[in-house]
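Coordinate inspection notes
Residues per chain are reported as follows:
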Amino acid sequence: MKDIIVVGGGGFAKEVIWLADDCNRKVRGVLDDNVATHGLELQGTKVLGKIDSWKKYASDCEFIIAIGNPRVRKLVTDKMKLLGKPKYTSLIHPSVHLSNTVKISEGAIICAGAILTTDIELGEHCILNLNVTVGHECDIKDFVTIAPMAAISGNVTLNTLVEVGTGAVIRQGLTLETGSMLGMGGVLTKNIPERFIFAGNPAKKLKEIVE
Ligand SMILES: CC(C)(COP(=O)(O)OP(=O)(O)OC[C@H]1O[C@@H](n2cnc3c(N)ncnc32)[C@H](O)[C@@H]1OP(=O)(O)O)[C@@H](O)C(=O)NCCC(=O)NCCS
């Protein structure tokens, strides 16, 4: 197995380095655009340089984007794509429980304790954090982030760039449209339109995401 380069130097990257260790994968180093961190260690792993230096490691390493924010994660992959085609790996903790009808695309990070049942599709660069559960026939598109302890019932669609907060709960059959978010602890009983944040129990519109 090739060594891994972790892209992103924040707190989640530390957890991903730990996850890689649990998956018996060697992390060669970290890439981050904050030059103040270059040469320092993150969870025992050296920060090697800026993200656009990734090509130096491309021949004998695979990459994982360890950035929780879906939009930033997508920006980073877009930026890396300008220089070539990095080979991404996925990291799935050995404790993750999933059936043989779960399809996982490249760049996935699935942390300890997650459970994915049957006929589930996971797009590219998705993050399923600690103890997340995902029910039957869920369709999870690219760049989705699901925070710890969230429970996604069956037949739910999480469109591209959706974020689900810690401990949130989603009723079966619902759709979270592109770029929308359910806040931590939210209990979702209705679909969320594109680029809106819902929160609360029952979850209601909190604000629109304006960029
Ligand atoms: C929903 C969320 C995005 C809103 O963040 P924000 O835009 O910075 O909003 P603010 O903190 O300014 O809060 C605005 C109001 O919404 C309330 N609010 C914020 N988050 C809420 C939530 N999850 N549920 C209910 N109410 C919430 C605040 O209390 C505040 O109420 P007020 O106006 O009566 O004082 C954020 O609180 C959240 O839930 N983030 C997810 C955190 C998470 O799961 N992280 C995972 C790390 S691994």
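Described below are features of the structure shown in this document. In this text the structure is predicted, and so the values were computed from the model without any measurement.

**Regarding the overall build of the protein chain**
Helix and strand content of the protein chain: 2 helices and 24 strands. For 211 residues, the compact-globule estimate of 2.2 N^0.38 gives 17 Å, and the C-alpha radius of gyration of the protein chain, at 17 Å, lies within 12% of that figure. For the protein chain, the spread of C-alpha atoms along the three principal axes comes to 45 × 40 × 30 Å. Across the 211 residues of the protein chain, 48% fall into the buried class. Of all intrachain contacts in the protein chain linking residues separated by at least 6 positions in sequence, the fraction that spans at least 24 positions is 27%. Only carbon and sulfur atoms are counted for the fraction: they give 53% of the accessible area of the protein chain, which is about 9900 Å². Each charge class in the protein chain can be summarised by its mean position, and for the 24 positive and 23 negative side chains these summaries are 3 Å apart.

**Some words on unusual backbone geometry**
The peptide bond linking asparagine 201 to proline 202 adopts the cis configuration, its omega dihedral lying at -5 degrees. Here proline 202 lies in the loop between strand 23 (196–199) and strand 24 (204–208). Its identity is not glycine, yet asparagine 24 carries a phi of approximately 60 degrees, on the positive side. In this fold, asparagine 24 is placed in the loop between helix 1 (11–22) and strand 2 (27–31).

**Observations concerning the site of the ligand**
By nearness alone, every residue bordering the ligand is listed as Ala147, Pro148, Gly165, Thr166, Met181, Gly183, Met184, Ile197, Ala199, Gly200, Leu206 and Lys207. Note that an oxygen atom of the ligand is positioned 2.8 Å from one of the backbone N or O atoms of threonine 166. A distance of 2.9 Å separates a nitrogen atom of the ligand from a polar atom in the backbone of methionine 184. Surface burial for the ligand is 41%, taken as the share of its 900 Å² of free accessible area covered by protein chains. Broken down by secondary-structure element, the contributors of at least two residues to the shell around the ligand are strand 23 and strand 24. Residues of the shell around the ligand, tallied by class, amount to 7 nonpolar, 4 polar and 1 charged.

**Remarks on the sheet that holds strand 17 (residues 157–158)**
Through backbone hydrogen bonds, the strands of a sheet pair up, either in parallel or in antiparallel fashion. Spatial strand order, 8-11-14-17-20: 5 strands in an open sheet with parallel pairing. Two strands lie at the open edges of the sheet, namely strand 8 (102–104) and strand 20 (175–176), each paired on one side alone. Where strand 14 (residues 139–140) and strand 17 come together, 2 bridges link them in parallel fashion. Its bridge partner being in strand 17, aspartate 139 is matched across the sheet by threonine 157.

**Quick notes on the environment of glycine 173**
Looking at the secondary structure, you find glycine 173 in the loop between strand 19 (169–170) and strand 20. Taking the relative accessible area as the measure of exposure, glycine 173 reaches 43% and is therefore partly exposed. Considering only alpha carbons, one finds glycine 173 and threonine 157, 16 residues apart in sequence, at a separation of 7.5 Å. Residues in contact with glycine 173, not counting those within four places in the same chain, are Gly154, Asn155 and Val156.

Reading the values: the criteria
Residues numbered from 1 in each chain as written. Predicted model: local features only at pLDDT ≥ 70, side-chain atom pairs only at ≥ 80, totals over all residues. Heavy atoms only, no water. Helix = DSSP H or I, 4+ residues; strand = E, 2+ residues; numbered from the N terminus. Rg over C-alpha atoms; globule rule 2.2 N^0.38 Å. Buried < 20%, exposed > 50% of the residue type's maximum accessible area, 1.4 Å probe, protein only. Contact = heavy atoms within 4.5 Å. Areas by Shrake-Rupley, 256 points an atom, 1.4 Å probe, with all protein chains shown as cover. Lys, Arg positive; Asp, Glu negative; His and termini not counted. Charge placed at Lys NZ, Arg CZ, Asp CG, Glu CD. Near = heavy atom within 4 Å. Polar contact = N/O pair within 3.5 Å; in protein donor to acceptor, adjacent residues only side chain to side chain. Nonpolar A, V, L, I, M, F, W, Y, C, P; charged D, E, K, R; others polar. Pairing = 2+ DSSP bridges.

Everything listed here is a matter of coordinates, which is why it stays silent on function.
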